[in-house]
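Spelled out, the chains give:
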Amino acid sequence: MTNIPETGRTPRVQIRLVVIQILVLSLLGTLGGRLWYLQIREGAQYQKEASGNHVQQVVEPAVRGDILDARGVPLADNETRLVVSASRTDLLKQKDDGKAVLTKLAGVLGVKPEEVIQKVRLCDAKTPKPCWNGSPYQPIPITDKATPKQALQIRERAEDFPGITAEPEAVRRYPGPGNANTAQVLGYLSPVTDAEIQKAKDTDSPYLRSDMVGRSGLEREYDKELRGKAGVTRYEVDNLGRVIGKAKSDAAEPGSNLVTSIDSRVQRVAEYELDKAMKAARQQFDKNTGENFKADSGAVVVMEAKTGRIVAMASAPTYDPNVWVGGISAKDYKALTGKDSDYPLLNRAIQGQAAPGSTFKVVSTAAAVQAGYAWDGNYPCTSSYSVGGQVFKNFEGENFGDISLGRALEVSCDTVFYGLGDNEWKKDGGINPKKGQPKDWFFKTAHQFGLGKETGIDLPNEVTGRVPDRQWKLDYWKANKDAWCKSGKKDGSYVEKIAYENCLEGNKMREGDEINYSIGQGDTLVTPIQEAMIYGAVANGGTEYAPTIGKAVISADGKSVQEIKPKVQRKLPVSQATLKGMDDAFAGVITRGTAAWKFNGWPQDKIPLHGKTGTAEVYGKQTTGWLATYSKDYSVIMTISQAGTGSGSSGEAVRNIYSALYGVQGDGSIDNKKALLPQPQKGLPKVRTDGTIDAPKINGDPAKDAEAAQQNNPSNGSDQQPATSPSPTAGNRNTRRRPRRTPGRGSRRMPS
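For clarity, every value in this text was computed on a predicted model and none was experimentally measured.

Undergrad: Sorry if this is basic, but what is going on with unusual backbone geometry here?
TA: Leave glycine aside and you will find that most residues have negative phi; peptide bonds, for their part, are mostly trans. Cis geometry marks the peptide bond from Ala-316 to Pro-317; its omega dihedral reads 0°. Assignment of secondary structure puts Pro-317 in the loop between β14 (310–316) and α12 (330–337). Although it is not a glycine, Asp-342 adopts a positive phi angle of roughly 60°. Mapped onto the elements of the fold, Asp-342 is located in the loop between α12 and α13 (348–351). In this structure Asp-342 comes out as partly exposed when scored by relative accessible area, which is 37%. Phi at Gln-642 takes a positive value of approximately 55°, unusual for a residue other than glycine. Turning to its location among the elements, Gln-642 is positioned in the loop between β25 (634–641) and α23 (646–662). Relative accessible area serves as the criterion here: at 6%, Gln-642 is assigned to the buried category.

Undergrad: Looking at this structure, how should I read the environment of Val-63?
TA: Among the structural elements, Val-63 can be located in the loop between β1 (55–60) and β2 (67–68). Once the C-alpha coordinates of Val-63 and Lys-276 are considered, the two residues, 213 residues apart in sequence, prove to be 38 Å apart. When neighbours within four sequence positions are excluded, Val-63 is seen to be in contact with Asn-78, Leu-226, Arg-227, Pro-254 and Gly-255.

Undergrad: Honestly, the side chain of Gln-184 in this entry has me stumped. Any pointers?
TA: Mapping Gln-184 onto the fold places it in helix α7 (residues 183–186). Side-chain polar atoms of Gln-184 contact the backbone oxygen of Pro-317, separated by 3.2 Å. Ignoring anything within four residues of it in the chain, the contact list for Gln-184 reads Gly-217, Ser-315, Pro-317, Thr-318, Tyr-319, Pro-344, Leu-345, Leu-346 and Asn-347.

Undergrad: I tried to follow the sheet that holds β25 on my own but got confused; where do I start?
TA: The strands making up a sheet are joined through hydrogen bonds of the backbone, oriented either antiparallel or parallel. Spatially, five strands are ordered β14-β13-β25-β24-β23 in an open sheet, and the strand pairing comes out antiparallel. Looking along the sheet, the strands with just one partner apiece sit at the ends: β14 and β23 (610–616). When the angles between neighbouring strand axes are averaged without regard to direction, this sheet yields 5°. Direction of pairing for β23 relative to strand β24 (residues 624–630): antiparallel, over a ladder of seven bridges. Paired with His-610 across the bridge in β24 is Tyr-630. Relative to the sheet, helix α11 (residues 264–281) contacts β13 (297–304), β14 and β25, its axis offset from that of β14 by approximately 30°. Contacting β13, β23, β24 and β25, α23 runs over the sheet at an angle of about 145° to β25.

Undergrad: Sorry if this is basic, but what is going on with the pairing of strand β10 (residues 257–260) here?
TA: Where a strand is regular, its side chains alternate between the two sheet faces. Burial of β10 is two-sided: the residues Asn-257 and Val-259 facing one way and the residues Leu-258 and Thr-260 facing the other way are all buried. Where β2 and β10 come together, two bridges link them in parallel fashion. Bridging from a neighbouring strand, Leu-68 pairs with Val-259 of β10. As judged from the four bridges shared by β10 and strand β20 (residues 550–554), these two strands associate in the antiparallel manner. Each residue of the ladder has a partner; that of Val-259, found in β20, is Ala-552.

Undergrad: Sorry if this is basic, but what is going on with the state of the cysteines here?
TA: What we call a disulfide is simply a covalent bond connecting the sulfur atoms of a pair of cysteines. Tallied over the full model, the rule gives three disulfides. Each disulfide pairs two cysteine sulfurs, and for Cys-123 the partner residue is Cys-131, the sulfurs being separated by 1.9 Å. Taking the torsion about the sulfur-sulfur bond, which here is approximately 105°, the covalent link between Cys-123 and Cys-131 counts as right-handed. Between Cys-381 and Cys-413 runs a disulfide, and the two sulfur atoms are separated by 2.0 Å.

Undergrad: How should the nonpolar core be read in this particular structure?
TA: Nonpolar side chains in soluble globular proteins tend to end up buried together. Residues Leu-218, Ile-310, Met-313, Val-362, Val-416, Leu-420 and Met-582 are the most contacted members of the largest nonpolar core, which totals 80 residues. Element by element, the count of residues in this core is highest for helix α21 (residues 528–540), at six residues. Apart from the residues lying within four places of it in its own chain, the contact partners of Val-362 are Leu-409, Phe-449, Ile-534, Tyr-535, Val-538, Met-582 and Phe-586. Membership of the second largest hydrophobic core comes to 40 residues, among which are Phe-599, Ile-657, Ala-660 and Leu-677.

Undergrad: Sorry, what's going on with the environment of Leu-525 here?
TA: Relative to the helices and strands, Leu-525 is located in the loop between α20 (511–517) and α21. By relative accessible area, which is 7% here, Leu-525 ends up buried. Taking the C-alpha atoms as reference, Leu-525 lies 4.8 Å from Gly-465; in sequence the two are 60 residues apart.

Undergrad: Explanation requested: the packing of aromatic side chains in the structure shown.
TA: The geometry of an aromatic ring pair is captured by the separation of the ring centres together with the interplanar angle, meaning the angle of the planes. Here the structure, examined in full by the defined rule, presents 14 aromatic pairs. Seen from their ring centres, Trp-472 and Tyr-476 are 4.7 Å apart, and the 20° between their planes marks the pair as stacked. Placement of both Trp-472 and Tyr-476 in helix α18 (residues 470–487) is noted, with a separation of four residues, approximately one turn of the helix. On the basis of relative accessible area, Trp-472 is assigned to the buried category, the value being 18%. Of note, Arg-407 hangs over the ring of Phe-400, and the distance from its end group to the ring centre comes to 5.6 Å. Over the face of the ring belonging to Trp-597 we find Lys-598, whose NZ or CZ atom lies 4.7 Å from the ring centre.

Conventions adopted
Residues numbered from 1 in each chain as written. Predicted model: local features only at pLDDT ≥ 70, side-chain atom pairs only at ≥ 80, totals over all residues. Heavy atoms only, no water. Helix = DSSP H or I, 4+ residues; strand = E, 2+ residues; numbered from the N terminus. Buried < 20%, exposed > 50% of the residue type's maximum accessible area, 1.4 Å probe, protein only. Contact = heavy atoms within 4.5 Å. Polar contact = N/O pair within 3.5 Å; in protein donor to acceptor, adjacent residues only side chain to side chain. Pairing = 2+ DSSP bridges. Axes fitted to C-alpha atoms, helices over the stretch in contact; angles between N-to-C directions. Disulfide = S-S within 2.5 Å. Core = buried A, V, L, I, M, F, W, Y, C linked by side-chain atoms within 4.5 Å. Phe/Tyr/Trp six-rings, centres within 6.5 Å; stacked < 30°, edge-to-face > 60°. Lys NZ or Arg CZ within 6 Å of the ring centre and 35° of its normal.

What follows is the structure in structure tokens.
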């Protein structure tokens, strides 16, 4: 007999078959489970994703909102232009990466092929401007100034220009009403980058590849409100790209309009007067350097004293913001950023910082009163102040005898403040104070005035200035000690001696440091906007407001109005009695003090003005002039680098700005009909039922009209000097120069 089963299979074979059956059933079960998971449980989700593969999006850019002045006059708006654009995606499909097409396009546009080719290359660390810093998948604008004939050539010969389009589009425009430039305040736009798209994709304001975003100024600060929301239309297409239906669509939402506190007429006057003052300064001879003043940069701020709203803000040198529209050329970019450009993109009203000179004495005076010095005390105003072997001279050797703090402000007596600063330094323990001993009233008060920090203005990239207190000196010494110790020499050159002394004790507050600081020299730095805030607070009784430019955000349909209210920052650490004394002293500066020679014939009884002049020394450069002024309504600050004294370089310009505001004529009379803004603008411009803004037209040039009214002004072009000083050179008072300090006392670091 045999042991083989009837089936003819051995037990071993049967076992193998069973195992195979189990494996097959397991695989079938796994496959079935996976099919159930994909089609039943997750079927809806995958169906949705699959349908998305057959949907194409067409983006409709949102119309960017306008930026308006306080009366509704457009400072930035949009206009329809013929825009020629290139698609990198289509160009790169060609054998020569589209060079032949771009060369042919350049011929149609009448430009060099290099200019067109440069515009479509992508920006990176090695590629200089011009280049494209937006998304590589977005059409790149070649020009927004194409003529109808050029556009027609491109469209009719589309087969000769693959990847090139010519379409009417809404583009940004900066109209410059009344010749008001306002460049640094407005800013400019450029395409969104891929990095920005990724960063903002999960926020409440994501970017699309077609978006243009603000890069500086108000365009950047209020970009979210101005940009609006692009519309997206989704089309269902088959695998051949043919449209088979229309899916969900989102309508474009136009951006909101921004109403500012800027008055374009006053803005024009401020810009014009700043430019004229700088040109006039360049015609004046500087006895200290043996050449004419360079007057290479400057700024002016006009601010409402009781709200902090900015009425005008000008910075020089400036530029035309329209150069950015449609892509900037290599020539224009170099003119804005090259070494010889003087960097016009900087807004020097908020980014320019310099030693404030005697305009800082408003802080030093408040500090002295806080430290216990009597306002009406007797303080020696001598011709010089000696510390060891070093002599600090008063301006031109003036000597007024014993005077009060108010009179010291009025005549800007340096030696009074030298003495106050020196006394406080000694009370605080000198160069090696004991633990807990220094009260540092002069530095503490500066911080209480808001210096050394941003003012909070609604513009990007504001700088802080500097209060060179003990902590700053310690931090600065730690950062630079190694370099000072390496380069310093005890008996070397002037700079080497400074480095040597700073190596040894640059972390300590030396006697000369506080003496220089008391008159706004040394390492002290402020910005024009900080001074506008401080002097505006003195004008209104002691309240510092955060400077603001935005006044309201109004939706495109006019139904939503979000007002931007003034914001109180702090109260000045000054009593009302001291403020009254300061007010009288600053009025004296205008009527009989250091600025009187520029305000002869001003109707002080009807429109009281107050001011403080300043002349700041800058190592290796000519002096910087400051003029800080205020009326009951406005504070006006002007500063010009390398232009001499504050009154000499800016006095006439500041007076002309006030004359334009209040309608003061050259003979001192007041013509209310010619006054641009005798009172600050309180309301908002009228919004029509369709959402458009009712704006008045500006006829002519406000600056030229205001200039014509000053023909009989006795101070314009005057070389008459105030009674408080001897007669220096015509046109600009001689600048203050103290003897070079010897090693051993005082800060050896060059003034900033």
